[in-house]
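Residue-level listing of the chains:
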There are 2 protein chains.
Amino acid sequence: METEKRNQIATEVLSNPRNQQEEVQALQDTLYVLGGKWKLPIINSICNGNKRFRDIERSIPGITTRMLSKELKEMTANQLIKRTVTAETPVIVEYTSTEYCRSFGDIILEMIRWGKSHRKRLKGSAD
Amino acid sequence: METEKRNQIATEVLSNPRNQQEEVQALQDTLYVLGGKWKLPIINSICNGNKRFRDIERSIPGITTRMLSKELKEMTANQLIKRTVTAETPVIVEYTSTEYCRSFGDIILEMIRWGKSHRKRLKGSAD
DNA sequence: CAGCATCCCAGGGGATACTG
DNA sequence: CAGTATCCCCTGGGATGCTG
């Protein structure tokens, strides 16, 4: 194996230390926005067309109403999603994704792809 | 705006409910492996060629020795990185990425890209 | 259905100090 | 340099129950 050859994620960009600082910051920014266990699954769910509270809830294994409620509120405040109330006798609330929200699409796709590729490893090997 | 047109991240795949279950699971798997504040920055750092403890530490703003130590140990156990001891008078330890580790490359790239694009928004708007 | 309120706990994670 | 050890706090997040 070539010890010389540095492990690099990308090409020239990352080899520049000056750039690396930027990269790290950018990465941490993203991690900050996406922090927590549920934001990405929620975004994913809504982007997939789920609009109603219960629908979203059911589409995400393991989430509780409390968490969904909290995140939804926070994400609405952060312009990630839009909350719309339609009827009011039996209240109908709908959540939809904003452009901002959809900007996570590629990240989510990559993560789904990764998850699929490595599913066996998660089960196969002892922790 | 077309209410008909579902917000979709991808094309045909996601429109199938059967598939969606898989996607969610895959997403959550990935989130599980990558959980926490530091794993991705650490992976990124090591993949960028940082090998020594101090170097990695310095390359990640905000991380503490404790956290780095903990994560490094865990990630070594999980085959994400490899730990090699060279000299022993002044102990020299080097961390290098495994193939498995590098499989996160695309995710990291996407997140860096996102972070760069949305930097202004993070500062511009009040939380 | 669409949530809010409460209770409660594990553990993620920071600060600081110490060792080989 | 390369960590380990403690102390300690906060909050993410689960369970459960209640309201409009």
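Residues numbered from 1 in each chain as written. Chains lettered and ligands numbered in written order. Predicted model: local features only at pLDDT ≥ 70, side-chain atom pairs only at ≥ 80, totals over all residues. Heavy atoms only, no water.

An unreviewed UniProt entry lists chain A under the name Transcriptional regulator, from Pedobacter hiemivivus.

A.B. asks: What is the right way to look at the protein's contact with DNA strand C in this model?
C.D. replies: With respect to spatial proximity, 16 residues lie near DNA strand C, and among them Arg52(A), Ser69(A), Arg83(A), Tyr95(A) and Arg66(B) are the closest. Of what DNA strand C places within 4 Å of the protein, 62% of the atoms are sugar or phosphate. Separating a phosphate oxygen of DNA strand C from a side-chain N or O atom of Trp38(B) is a distance of 3.5 Å. Of all elements in the fold, only helix H3 (53-59), helix H4 (65-77) and strand S2 (93-97) of chain A together with helix H4 (65-77) of chain B reach the threshold of two or more residues within the surface near DNA strand C. (Near = heavy atom within 4 Å. Polar contact = N/O pair within 3.5 Å; in protein donor to acceptor, adjacent residues only side chain to side chain. Helix = DSSP H or I, 4+ residues; strand = E, 2+ residues; numbered from the N terminus.)

A.B. asks: I keep staring at the packing of aromatic side chains and nothing clicks. Help me out?
C.D. replies: Each pair of aromatic rings is reported with the distance of its centres and the angle of its planes. Within the structure shown, the criterion is met by 6 aromatic pairs over all chains. Ring centres of Tyr100(A) and Phe104(A) lie 6.1 Å apart, and the angle between their planes is 45°; this geometry places the pair in the tilted category. Of the two residues, Tyr100(A) and Phe104(A), neither departs from the other in class, the shared state being buried. In textbook terms, an aromatic cluster arises when at least three aromatic residues are bridged by ring pairs, as seen for Tyr100(A), Phe104(A) and Trp114(B). (Phe/Tyr/Trp six-rings, centres within 6.5 Å; stacked < 30°, edge-to-face > 60°. Buried < 20%, exposed > 50% of the residue type's maximum accessible area, 1.4 Å probe, protein only.)

A.B. asks: Would you mind going over the nonpolar core with me for this structure?
C.D. replies: Taken as a class, soluble globular proteins show a tendency for nonpolar side chains to be buried jointly. By size, the foremost hydrophobic cluster in this structure holds 58 residues, and its most contacted members are Ile42(A), Ile43(A), Phe104(A), Ile42(B), Ile43(B) and Phe104(B). When sequence neighbours within four positions are dropped, the list of residues in contact with Ile42(A) reads Ile60(A), Ile63(A), Leu68(A), Glu71(A), Leu72(A) and Met75(A). (Core = buried A, V, L, I, M, F, W, Y, C linked by side-chain atoms within 4.5 Å. Contact = heavy atoms within 4.5 Å.)

A.B. asks: How should I be thinking about the interface of chain B and chain A in this particular structure?
C.D. replies: Interfaces are often sized by the accessible area lost when the parts come together. Tallying the contact residues gives 56 residues for chain B and 56 residues for chain A. A buried area of about 5,400 Å², summed over both sides, lies between chain B and chain A, and 61% of it is on carbon and sulfur atoms. Taken together, chain B and chain A are joined by 4 salt bridges. The interface formed by chain B and chain A includes 16 residue pairs in polar contact (both at pLDDT 80 or more). Counting only elements with at least two residues in the side of chain B that touches chain A, the list comes to helix H1 (17-33), helix H2 (39-47), strand S2 (93-97), helix H5 (99-102), helix H6 (105-117) and helix H7 (119-124) of chain B. Split into classes, the residues belonging to the side of chain B that touches chain A amount to 24 nonpolar, 20 polar and 12 charged. (Buried area = accessible area lost by both parts, 1.4 Å probe. Salt bridge = Lys/Arg side-chain N within 4 Å of Asp/Glu carboxyl O. Nonpolar A, V, L, I, M, F, W, Y, C, P; charged D, E, K, R; others polar.)

A.B. asks: What's the story with the protein's contact with DNA strand D in this structure? I'm lost.
C.D. replies: Taken together, 17 residues sit near DNA strand D, with Arg66(A), Arg52(B), Ser69(B), Arg83(B) and Tyr95(B) positioned nearest. In DNA strand D, atoms within 4 Å of the protein come from the sugar-phosphate backbone in 59% of cases. Within the backbone of Phe53(B), a nitrogen or oxygen atom sits 3.5 Å from a phosphate oxygen of DNA strand D. A distance of 3.2 Å separates a phosphate oxygen of DNA strand D from a polar side-chain atom of Lys73(B). The element that contributes the greatest number of residues to the surface near DNA strand D is H4(B), accounting for 4 residues. Considering only residue class, the surface near DNA strand D consists of 6 nonpolar, 3 polar and 8 charged.

A.B. asks: Looking at this structure, I do not really get the environment of Glu88(B). What am I missing?
C.D. replies: Among the secondary structure elements, Glu88(B) is positioned in the loop between strand S1 (81-85) and S2. Sequence separation between Glu88(B) and Lys73(B) is 15 residues; the distance between their C-alpha atoms is 19 Å.

A.B. asks: What exactly am I supposed to notice about the environment of Lys82(A) here?
C.D. replies: Residue and element names in this part refer to chain A. Along the chain, Lys82 turns up in strand S1 (residues 81-85). Between the C-alpha atoms of Lys82 and Arg119, which are 37 residues apart in sequence, the distance is 33 Å. The residues contacting Lys82, other than those within four sequence positions of it, are Glu94, Tyr95, Thr96 and Thr98.

A.B. asks: It is not clear to me how helix H1 (residues 17-34) of chain A should be interpreted in this structure. Could you clarify?
C.D. replies: Side chains three or four residues apart in an α-helix point the same way, a direct result of the helix having 3.6 residues per turn. Residues and elements named next belong to chain A. With 18 residues, H1 ought to run about 26 Å at 1.5 Å a step, and its terminal C-alpha atoms sit 26 Å apart, in line with that. Those residues of H1 that sit buried are Gln20, Glu23, Val24, Ala26, Leu27, Gln28, Asp29, Thr30, Leu31, Val33 and Leu34. Trailing H1 by a residue or two, Gly36 shows a phi angle of about 95°, which is positive. (Expected span 1.5 Å × (residues − 1).)

A.B. asks: Before we go on, may I ask you to explain the packing of helix H6 (residues 105-117) of chain A against H1(B) in this structure?
C.D. replies: Relative orientation and spacing of two packed helices are given, respectively, by the angle between their axes and the distance between those axes. Packing of H6(A) against H1(B) leaves a shortest axis separation of 7 Å and a crossing angle of 90°. Looking at the two axes, H6(A) sits roughly perpendicular to H1(B). Where H6(A) abuts H1(B), its residues Ile108(A), Met111(A), Ile112(A), Trp114(A), Gly115(A) and Lys116(A) lie against Glu22(B), Glu23(B), Ala26(B), Leu27(B), Asp29(B), Thr30(B), Leu31(B) and Val33(B). The residue makeup of the contact of H6(A) with H1(B), split by class, is 8 nonpolar, 2 polar and 4 charged. (Axes fitted to C-alpha atoms, helices over the stretch in contact; angles between N-to-C directions. Parallel < 35°, antiparallel > 145°, perpendicular 65-115°, else oblique.)

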